[in-house]
Amino acid sequence: MRVAPVIFLLSGCQDYDVHRMKDFDSFIQGEPASPMDVLWLIDNSATMSEEQELVALEMTEFVDILVQAQVDVHIGIITTDVSNGGALVGDILTLDTPDLGETLIEQAQVGISGDRYEKHLESLTMSCSSEMRSGANAGMFRPEASLQVIVLTDEDDQSEGAPEAYLDTMLDWKEDQPMQVSAIAGSMPDGCHSLLAEAEAAPRLLDAVNYTGGQFESICEDDFGPVLSSMALGATGMTNRFELTDFPALESLVVWVDEVRIHERPHDGWQYSPGDNSIVFDGMSIPRPSQQVKIEYYDLLGADAAMVEDSGTTQ
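Parameters at a glance
Residues numbered from 1 in each chain as written. Predicted model: local features only at pLDDT ≥ 70, side-chain atom pairs only at ≥ 80, totals over all residues. Heavy atoms only, no water. Helix = DSSP H or I, 4+ residues; strand = E, 2+ residues; numbered from the N terminus. Buried < 20%, exposed > 50% of the residue type's maximum accessible area, 1.4 Å probe, protein only. Contact = heavy atoms within 4.5 Å. Areas by Shrake-Rupley, 256 points an atom, 1.4 Å probe, with all protein chains shown as cover. Salt bridge = Lys/Arg side-chain N within 4 Å of Asp/Glu carboxyl O. 1 Å grid on protein atoms, 1.4 Å probe; cavity = no way out; pocket = protein on both sides within 12 Å on 5 of 7 lines; lining within 4 Å. Points joined across faces, edges and corners; volume = space filled by probe spheres on them. Nonpolar A, V, L, I, M, F, W, Y, C, P; charged D, E, K, R; others polar. Pairing = 2+ DSSP bridges. Axes fitted to C-alpha atoms, helices over the stretch in contact; angles between N-to-C directions. Core = buried A, V, L, I, M, F, W, Y, C linked by side-chain atoms within 4.5 Å.

S.K.: I'd like a description of the overall build of the chain, backed by residues and values.
M.R.: If you tally the helices and strands in the chain, you get eight helices and 16 strands. Across the 315 residues that make up the chain, the buried fraction comes to 48%. Taking contacts inside the chain between residues at least 6 apart in sequence as the whole, the part at least 24 apart equals 79%. Here the chain has roughly 16000 Å² of accessible surface; of this, 50% comes from carbon and sulfur atoms.

S.K.: Report on helix H2 (residues 59-69), specifying residues and quantitative values.
M.R.: The set of residues buried in H2 consists of Met-59, Phe-62, Val-63, Ile-65, Leu-66, Gln-68 and Ala-69. On its buried face, H2 sits against strand E3 (36-42), helix H1 (49-57), strand E4 (73-79), helix H3 (100-108), strand E5 (146-152) and helix H8 (224-236). Positive phi shows up at Gln-70, right after H2, with a value of about 50 degrees.

S.K.: Go over the pattern of salt bridges, please, and point to the residues and values.
M.R.: Evaluated as defined, the whole model comprises five salt bridges. Between Glu-296 and Lys-294 there is a salt bridge whose closest N-O contact spans 3.9 Å. Because the salt bridges share partners, they merge into one network encompassing Asp-37, Asp-72 and Arg-142.

S.K.: For the layout of surface pockets, give the residues involved together with the corresponding values.
M.R.: Taken as a whole, the largest pocket encloses approximately 660 Å³ of empty space. As for the largest pocket, its lining consists of 33 residues, of which Pro-226, Ser-229, Asn-240, Phe-281 and Asp-282 are closest to the centre. Every element with two or more residues in the lining of the largest pocket is listed here: H2, H8, strand E13 (270-273) and strand E14 (278-281). The greatest single-element share of the lining of the largest pocket, amounting to seven residues, is contributed by H8. When grouped by side-chain class, the residues that make up the lining of the largest pocket number eleven nonpolar, 13 polar and nine charged.

S.K.: With reference to specific residues and values, describe the sheet that holds strand E11 (residues 254-257).
M.R.: Pairing in this open sheet of four strands is antiparallel, and the strands run E2-E15-E11-E12 from one edge to the other. The sheet is open, and its two borders are formed by strand E2 (23-28) and strand E12 (260-262), each paired with just one other strand. Within the sheet, the average angular offset between the axes of one strand and its neighbour, ignoring direction, is 25 degrees.

S.K.: Please provide a residue-by-residue account of the nonpolar core, values included.
M.R.: With 54 residues, the main nonpolar core has Trp-40, Phe-62, Ile-184 and Phe-281 as its most contacted residues. Considering each element in turn, this core owes the most residues, seven residues, to H8. With residues up to four places along the chain from it excluded, the contact list for Phe-62 reads Val-38, Trp-40, Leu-104, Ile-150, Leu-228, Met-231 and Ala-232. By size, the runner-up hydrophobic cluster in this structure holds 23 residues, among which are Leu-39, Cys-128, Leu-167 and Ala-208.

S.K.: Please give an account of the sheet that holds strand E10 (residues 241-243) that cites residues and values.
M.R.: The strand order across the open sheet built from three strands is E10-E14-E13, with neighbouring strands paired in antiparallel fashion. For this open sheet the edge positions go to E10 and E13, each flanked by a neighbour on one side alone. Ignoring which end each strand starts from, the neighbouring axes of this sheet average 25 degrees apart. For E10 and E14, the ladder comprises three bridges, and the chain directions are antiparallel. Each bridged residue has a counterpart across the sheet, and for Phe-242 the counterpart in E14 is Ile-279.

In structure tokens:
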């Protein structure tokens, strides 16, 4: 019996379109803790003139974040000199204070006539004592408010007791409300220096920061704007930094806040940070509480990265 030959028809190669799909990450900006009391603890010893001036010049960066957050805030300033019992320098400031930024700048320049032995933690504890809360500092510290302490200094704390002992006293008083200590000081392990600042390492202050979950920044930065923005964002529980799920093809990045496209630029815009694969907002572009951040991009390292965006040919 003859078997009829079977003929296989080969279709050959066929062109077709391949479309890449954009990834997108979505975030919601955090809600600030409100009400909130912010206490600046500024070193007023003889070596702090330049540092006070540099921070004061950028203090509006700090204020702008608080205004954007619309947090119910009290702001006060004390110094590292305990001879005045931890009393506030100037009035309690709020978002309703006329010319808040300028007023805070003036108050932050506390002078350089203070004691050479800086006792940050002792001054802090004294300022919040029951005597001071009902006396010279009345109205500053509200029982229902969180407390954010920001220390500015070029030397470590020289109080006599252990840092944890002072902080436990504060935490016991705050009861259920959160308290954080942050510091702008000399970094570990050897301190720091720049053209305009020099600081010893501050291990006791770093212990206080770690004990309360605060932030630590170097006092030797050339530009205090980002430092103060970071401090304000940390105090409010907001962020200007949003980490991407995948590594992006940079030319494909498109950033939206509440359906408004934000442009890539260093000021009042966004930039990509390769170190932590994040989009970092600046200034007035920082998303406000509850706003949605949507970031679109092509995955640089994914399997589809080898495909052509509009069309391709395969065999």
